[in-house]
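Structural characterization, general
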Amino acid sequence: MTKKNIVVVGAGYAGVAATKFMAKKLKKDDVEITLIDRHSYHTMMTELHEVAGGRVEPTAIQYDLQRLFARKKNVKLVTDTVVGIDKEQKVVKTQAGSYAFDHLIIGMGGEPNDFGTPGVKEHGFTLWSFEDSVRIREHIEHTVAKAAIEPDATKRKAMLTFVVCGSGFTGIEMIGELVEWKDRLAEDYKLDPNEFTLKVVEAMPTILNMLNRNDANKAVRYLEKKNVELVLNAPIVEVFADHIKLKDGSTIPTHTLIWTAGVKATSDAADFGLEAARGNRLVANEYMEAKGYEDKNIYIIGDLVYYEEQPNTPTPQIVQAAEQTGHCAAANVVSAIKGDGEKHKFKSNYQGFMVSVGSKWGVAELFGKIHLSGFLAIIMKHIVNLKYFFDIRSGYYMFQYMMHEFFHIKDDRNVTRGHSSRYGNVLWSVPLRIFYGLVWFIEAFKKIVGNGEVLKPSTWFGEGSWFTGNSVFPWTWDYAKEAATTASSGAADAVGGASATAATTASSVADAVGGASGAADAATSGGAEAATHAAHFGLSYAYGEEPMAVLDKAPDWFSSIMKVMMPNMDVAMFFQKMMVFVEIGIALCIMAGLFTWLMNGTTIILVAMFCMSGMFYWVNIWFIPVAFALMNGSGRAVGLDRWVIPWIQKKLGGWWYGKPKSLYNQK
Ligand SMILES: Cc1cc2nc3c(=O)[nH]c(=O)nc-3n(C[C@H](O)[C@H](O)[C@H](O)COP(=O)(O)OP(=O)(O)OC[C@H]3O[C@@H](n4cnc5c(N)ncnc54)[C@H](O)[C@@H]3O)c2cc1C
């Protein structure tokens, strides 16, 4: 069999879904999948308003294609603009070259539809691409800056009036961002936020018309509460640089008209000679095959395709439809290549709609029956977005998304109202880091020295050292009893029950825990004495008080696991000694600020295990919150992480993903 060439045009939601699907299913076949897009990145279109509205940085919605397809050996990326298709010769023509295909999938998306309204192109701003979102952001900043120094009140008001035309997802999500951004802009340019006017102009009598009326009305009430004026039944008939004209002849002075009123198929596909329907979308059959070219293996997907699953109702121009049409076409290509004789019909499965109105409030309708509003709808939108990364198998961008949306957001513009994104100078945590590392070091060192003298190495490994005697771990009592001395069994008898944990091991347990000095004193003074003093709950050691263990006895399930891991005294002693070296290593790393996040995370796990073992006291539970606090990147200030982590990221990233480029494989 000769090598099959599959060409996918457009790395949007549809093209990426189709390419991922085929790359996996055809992993063992002799195929090359060429994914052509005019950008070297996939644009997270559903978050364009966040860039336009100053919430996230532009790079937050650009997903480098090489990072998405790095491990897919059968995928070749090309950054180029497709200008035509020779359907007979089966060749895709780009600005810089041409690509022969056996199977072609076209997913070039849509573009704004101004319905021929005069002035939209010249004076309006559309929101349907990465470039559009950056243009709007820059224009708004620029206009507010100009308004701030404009002495004429009328002109200034026009400059500070922002109008969104259209009340679908895009329009409402855009105005929601402006509601939040205006406060920051007002502060930066020393303006009164009340000087800003936000309007949504809609030709229909209602907004968010794809939603259930109840949900849409909640959005209306929310927008009104936020002083957004909804101008309904008001088609825009002309757009000028400093005002817009409505059908009833009235005008709205504004320097910013964001046009989101309609979408049509990309005009780049208009000359492909394929049959088009409403909105210039290209007609396909139920297998997503381009009408009239079913024998040429040409498929149309995403916003570009016109397929009526129900009479007179084309597939909606939403992400779910884009992915599902992409999967349908890809499944048909796979079947054709494998020759399994199957044909896959498109079957939609839409799970609902989610519309954010700013970063903290939204409305969602799921499965046609669950209705959410407020922050729950926003959480749902984040869950759906996170699931998207799972679908396209990109842990890297899932992580980046969480960083951008939850941890690195400015002005409290996220669903946690900024609680997850407060910044502080990590320099202030350096003393704590060094102290915490030192605590681990001293406790680990005590386990070496035992009752010897620190400055006399010859006395090290004395009584109580983790390197001598029997294991200190409580699940080793049983085999310790068999092998060891009458003393240990005597102590165990004396204490009995839960307190046995502390008492039996006497000095060794207390030392092992690195616990409170009180614990050590109490325990070393003998099992019987320990048993007679009632332990007191406290989170710091109070003089003379017997501290309370978090658990006095390891739960049975935990002991069972440990007994499997350490079946006899020799293995237990090996683990015990190794533990001391691990603790010293952790201590040194924390002090030096090396792998600080990982090391502190490890100490949390170790403390949890010590607690489970009945070997840890409440007075030392502060280890856990301190370790969490030090996971704030504290090793980047006066620590080795400042150099080591970027170096590792660069090396690992280069090895796994290769070096991201602005142009891939141009011919
Ligand atoms: C602001 C905004 C918010 C939205 N919110 C939602 C939402 O919440 N939920 C929802 O479901 N949908 C939403 N949508 C709609 C959704 O983004 C689209 O339905 C989806 O992007 C369609 O995917 P696609 O792959 O068909 O096209 P696109 O994602 O548009 O991708 C098309 C790709 O083709 C490339 N391309 C185009 N022409 C050429 C050419 N000539 N040569 C090479 N490459 C080319 C483009 O660069 C692009 O990468 C929103 C859209 C916008 C703009």
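Not measured: the values here are computed from a predicted model. (Residues numbered from 1 in each chain as written. Predicted model: local features only at pLDDT ≥ 70, side-chain atom pairs only at ≥ 80, totals over all residues. Heavy atoms only, no water.)

**Description of a nonpolar patch on the surface**
- A grouping of Phe375, Leu376, Ile379 and Ile383 is seen on the molecular surface, where their side chains present a nonpolar patch of about 360 Å² in accessible area.
- Assignment of secondary structure puts Leu376 in helix H10 (residues 375-391). (Patch = residues over 30% accessible without salt bridge, like charges linked within 9 Å, V, L, I, M, F, W, Y side chains within 5 Å. Areas by Shrake-Rupley, 256 points an atom, 1.4 Å probe, with all protein chains shown as cover. Salt bridge = Lys/Arg side-chain N within 4 Å of Asp/Glu carboxyl O. Helix = DSSP H or I, 4+ residues; strand = E, 2+ residues; numbered from the N terminus.)

**A word on the packing of H10 against helix H11 (residues 395-407)**
- As a packed pair, H10 and H11 sit with axes 9 Å apart at the nearest point and diverge in direction by 155°. Considered as vectors, H10 and H11 are oriented roughly antiparallel to each other. Contacts between H10 and H11 pair His382, Asn385, Leu386, Phe389 and Phe390 from the former with Tyr397, Met398, Tyr401, Met402, Glu405 and Phe406 from the latter.
- Of the residues belonging to the contact of H10 with H11, the class tally is 8 nonpolar, 2 polar and 1 charged. (Axes fitted to C-alpha atoms, helices over the stretch in contact; angles between N-to-C directions. Parallel < 35°, antiparallel > 145°, perpendicular 65-115°, else oblique. Contact = heavy atoms within 4.5 Å. Nonpolar A, V, L, I, M, F, W, Y, C, P; charged D, E, K, R; others polar.)

**So, the packing of aromatic side chains**
- Considering all chains together, one arrives at 30 aromatic pairs under this definition.
- Taken together, Tyr13, Tyr63, Tyr388, Phe389, Tyr396, Tyr397, Tyr401 and Tyr657 form an aromatic cluster joined through their ring pairs.
- The residue whose ring lies beneath Arg71 is Trp656, and the NZ or CZ to ring-centre distance is 3.9 Å.
- Between the NZ or CZ atom of Arg393 and the centre of the ring of Phe390, over which it lies, the distance is 5.0 Å. (Phe/Tyr/Trp six-rings, centres within 6.5 Å; stacked < 30°, edge-to-face > 60°. Lys NZ or Arg CZ within 6 Å of the ring centre and 35° of its normal.)

**Some points on the UniProt feature "transmembrane region" (unreviewed entry) in the protein chain**
- Those places that UniProt annotates as "transmembrane region" (unreviewed entry) correspond, in this numbering, to residues 578-598 and 604-630.
- Secondary structure within residues 578-598 divides into 86% helix and 0% strand; the distance between the first and last C-alpha atoms comes to 19 Å.
- Between the C-alpha atoms that bound residues 604-630 the distance is 11 Å, and the span itself is 63% helix and 0% strand. (UniProt positions renumbered as here; feature names shortened; annotations may be inferred.)

**Observations concerning the site of the ligand**
- Lining the immediate surroundings of the ligand are 29 residues, of which Asp37, Val82, Asp268, Asp303 and Val319 lie closest.
- Interatomic distance of 2.6 Å between a side-chain N/O atom of Asp37 and an oxygen atom of the ligand.
- Val82 is positioned with one of its backbone polar atoms (N or O) 2.9 Å from a nitrogen atom of the ligand.
- Among the secondary structure elements, those contributing two or more residues to the shell around the ligand are helix H1 (13-25), helix H7 (169-188) and helix H9 (319-338).
- The two domains that each donate at least three residues to the shell around the ligand are domain 1 (4-111 + 265-348) and domain 2 (120-261). (Near = heavy atom within 4 Å. Polar contact = N/O pair within 3.5 Å; in protein donor to acceptor, adjacent residues only side chain to side chain. Domains from an automatic or database assignment.)

**A word on the nonpolar core**
- Counting 111 residues, the largest nonpolar core has Met22, Ile106 and Leu178 as the members making the most contacts within it.
- Considering each element in turn, this core owes the most residues, 8 residues, to H7.
- Taken domain by domain, this core gets at least three of its residues from each of domain 1 (4-111 + 265-348) and domain 2 (120-261).
- Sequence-distant contacts of Leu178, that is, excluding residues within four places in its chain, are made with Ile140, Phe162, Val164, Leu198 and Ile258. (Core = buried A, V, L, I, M, F, W, Y, C linked by side-chain atoms within 4.5 Å. Buried < 20%, exposed > 50% of the residue type's maximum accessible area, 1.4 Å probe, protein only.)

**Some words on H10**
- Counted at 1.5 Å a residue, the expected span for H10 with its 17 residues is 24 Å, and the 24 Å between its end C-alpha atoms agrees.
- Listing the buried residues of H10 in full gives Ala377, Ile378, Lys381, His382, Asn385, Leu386, Tyr388 and Phe389.
- One or two steps after H10, the chain reaches Arg393, where phi turns positive at roughly 50°. (Expected span 1.5 Å × (residues − 1).)

**What to know about the domain arrangement of the protein chain**
- Each domain of the protein chain was delimited in the assignment, giving domain 1 (4-111 + 265-348), domain 2 (120-261) and domain 3 (430-636).
- Computed from C-alpha atoms alone, the centre-to-centre distance between domain 1 and domain 2 is 33 Å.
- Contacts between the two partners involve 22 residues from domain 1 and, on the opposite side, 15 residues from domain 2.
- Summed over both partners, the interface of domain 1 with domain 2 comes to about 1500 Å²; 62% of that surface belongs to carbon and sulfur atoms.
- Three residues stand out in domain 1 for area buried against domain 2, namely Leu48, His49 and Ala52, and they jointly supply 34% of the buried area on that side.
- Note that Glu57 is salt-bridged to Arg137, the shortest N-O span being 3.4 Å.
- Counting the contacts that link domain 1 with domain 2 gives 7 residue pairs in polar contact (both at pLDDT 80 or more).
- When residues in the side of domain 1 that touches domain 2 are grouped by element, the largest group, 5 residues, is from helix H2 (residues 48-52).
- Residues belonging to the side of domain 1 that touches domain 2 are distributed by class as follows: 9 nonpolar, 8 polar and 5 charged. (Buried area = accessible area lost by both parts, 1.4 Å probe.)

**Some thoughts on the UniProt feature "domain: FAD/NAD(P)-binding" (unreviewed entry) in the protein chain**
- Mapped onto this structure's residue numbering, the UniProt feature "domain: FAD/NAD(P)-binding" (unreviewed entry) falls at residues 5-326.
- Helix makes up 29% of residues 5-326 and strand 27%, whereas the separation of the span's terminal C-alpha atoms amounts to 17 Å.

**Focus on the pairing of strand S6 (residues 82-86)**
- In this sheet, strand S7 (residues 91-94) lies alongside S6 in antiparallel orientation, the contact comprising 4 bridges. Bridge pairing in S7 links Ile85 to Val92.
- Count of turn residues in the S6/S7 antiparallel hairpin: 4 residues, of which Lys90 carries a positive phi of about 60°. (Pairing = 2+ DSSP bridges.)

**Brief notes about the sheet that holds strand S26 (residues 362-366)**
- The strand order across the open sheet built from 3 strands is S25-S26-S27, with neighbouring strands paired in antiparallel fashion. Of all strands in the sheet, those with a lone pairing partner are strand S25 (352-356) and strand S27 (370-374), marking the two edges. Neighbour-to-neighbour, the strand axes of the sheet open up by a mean angle of 5°, direction not taken into account.
- Examined bridge by bridge, S26 and S27 share 5 bridges and lie antiparallel to one another. Looking at S27, one finds that Ala364 is bridged to Leu372.
- The sheet strands contacting H10 are S25, S26 and S27, and the helix crosses S27 at an angle near 110°.

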